Amino acid sequence: MATKIRLQRFGKKGKPFFHVVVADSRAPRDGKFIERLGSYNPNTNPATIEIDFEKTLDWVNKGAEPTDTCRAILSYKGVLYKKHLEGGVKKGALTAEQADAKFAEWLDAKGGKIAGKKESLTSSKEEARKLALAAESKKNQDRAAALAIKNAPVEEVAEPAADETAETAAEGTSEETAENNA
């Protein structure tokens, strides 16, 4: 019987959630399966992946073929790398201790990358929040200034303008009379 490691879709429309299962390749996508290996939630950032590592490694070693998406998930979690290292041990290219050391080193590096991505996401969110708050406070200050100008007493603004018009009018009439007399 040909078995596949694939995703079984759950969740509502637009919000998918998947179970990672081992199923007969002839079974429908959401139909009968042999064993559930874990879950995959692409709605979070980074995606949440929970896999039973030992069961999955056992099925991969037995010959279960992962689909393209499941291959990416298993590679992300290190199942395929562990299988690769075990193949090297069987061939005599490395010892079991060397393989375990390489895998532990890979896991540490992978954990660092994931932590870095989470930190960058939280810092970018925090920066966006600060920028939005600054823009909002500037907009509020502009509104307050416009409201203060609108609510300022009209008499104070009107009197200097009237004085200026009277002075310019007086200067204009004195210049006109001087031109007419000449």
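As shown above, the structure is provided for reference.
So, how was this worked out
- Residues numbered from 1 in each chain as written.
- Predicted model: local features only at pLDDT ≥ 70, side-chain atom pairs only at ≥ 80, totals over all residues.
- Heavy atoms only, no water.
- Pairing = 2+ DSSP bridges.
- Helix = DSSP H or I, 4+ residues; strand = E, 2+ residues; numbered from the N terminus.
- Contact = heavy atoms within 4.5 Å.
- Axes fitted to C-alpha atoms, helices over the stretch in contact; angles between N-to-C directions.
- Buried < 20%, exposed > 50% of the residue type's maximum accessible area, 1.4 Å probe, protein only.
- Lys, Arg positive; Asp, Glu negative; His and termini not counted.
- Salt bridge = Lys/Arg side-chain N within 4 Å of Asp/Glu carboxyl O.
- Polar contact = N/O pair within 3.5 Å; in protein donor to acceptor, adjacent residues only side chain to side chain.
- Expected span 1.5 Å × (residues − 1).
- 1 Å grid on protein atoms, 1.4 Å probe; cavity = no way out; pocket = protein on both sides within 12 Å on 5 of 7 lines; lining within 4 Å.
- Points joined across faces, edges and corners; volume = space filled by probe spheres on them.
- Nonpolar A, V, L, I, M, F, W, Y, C, P; charged D, E, K, R; others polar.
- Phe/Tyr/Trp six-rings, centres within 6.5 Å; stacked < 30°, edge-to-face > 60°.
- Lys NZ or Arg CZ within 6 Å of the ring centre and 35° of its normal.

Asker: It is not clear to me how the sheet that holds strand S2 (residues 15-24) should be interpreted in this structure. Could you clarify?
Answerer: Hydrogen bonds between backbone groups are what pair the strands of a sheet, and the pairing can be parallel or antiparallel. Strand order in the open sheet formed by five strands is S4-S3-S2-S1-S5, and the pairing between neighbours is mixed. Lying at the two open borders of the sheet, with one neighbouring strand each, are strand S4 (48-51) and strand S5 (65-66). Here five bridges tie S2 to strand S3 (residues 35-41), and the two strands are oriented antiparallel to one another. Pairing of Val22 across the sheet is with Glu35, part of S3. With respect to the sheet, helix H1 (residues 53-62) is in contact with strand S1 (3-12), S2, S3 and S4, its orientation differing from that of S3 by roughly 115°. Its contacts with the sheet place helix H2 (residues 68-77) against S1, S2, S3, S4 and S5, and it is angled at close to 95° to S1.

Asker: Just to check I follow, could you spell out the side chain of Arg6 for this structure?
Answerer: Following the sequence through the fold, Arg6 ends up in strand S1. The buried charged residue Arg6 lacks any salt bridge, with Asp24 as its nearest oppositely charged partner at 7.4 Å. A polar contact of 3.4 Å, which involves the side chain of Arg6, links it to the backbone oxygen of Asp24. Leave out the neighbours within four places in its chain, and Arg6 touches His19, Val20, Val21, Ala23, Asp24, Ser25, Ala27, Pro28, Arg29, Thr67 and Cys70.

Asker: Would you mind showing me how to read helix H3 (residues 79-91) here?
Answerer: An ideal rise of 1.5 Å per residue puts 18 Å on 13 residues; H3 measures up with 19 Å between its terminal C-alpha atoms. Buried within H3 we find Val79, Lys82, Leu85 and Gly88. Check the buried side of H3 and you find it contacts H1, H2 and helix H4 (96-151). Trailing H3 by a residue or two, Gly92 shows a phi angle of about 90°, which is positive.

Asker: Sorry if this is basic, but what is going on with the layout of surface pockets here?
Answerer: If a probe as big as a water molecule is rolled over the atoms, it shows which places are left empty. Here the largest pocket is characterised by a volume of approximately 180 Å³. Together, Pro46, Ala47, Thr48, Ile49, Tyr76, Lys77, Trp106, Leu107, Lys110, Gly111, Ile114 and Lys118 line the largest pocket. Elements that contribute at least two residues to the lining of the largest pocket include exactly S4, H2 and H4. For the lining of the largest pocket, the leading source of residues is H4, giving six residues. Among the residues forming the lining of the largest pocket, the class breakdown is seven nonpolar, two polar and three charged.

Asker: Can you help me understand the packing of aromatic side chains in this one?
Answerer: Aromatic ring pairs: the centre-centre distance and the angle between the two ring planes describe each pair. In the structure shown here, the tally under the stated rule is five aromatic pairs. Between Tyr81 and Trp106, the ring centres sit 5.7 Å apart and the planes meet at 35°, which makes this aromatic pair tilted. In this pair, Tyr81 is assigned in helix H3 and Trp106 in helix H4, connecting sequence segments 25 residues apart. A relative accessible area of 27% means that Tyr81 is categorised as partly exposed. Overall, Trp106 belongs to the partly exposed group, its relative accessible area being 23%. Cluster of aromatic residues (ring-pair linked, three or more members): Phe53, Tyr81, Phe103 and Trp106. In this structure, Lys62 is placed above the aromatic ring of Trp59, and the distance from its NZ or CZ to the ring centre is 4.7 Å. Sitting over the ring of Phe103, Lys82 keeps its end group 5.0 Å from the ring centre.

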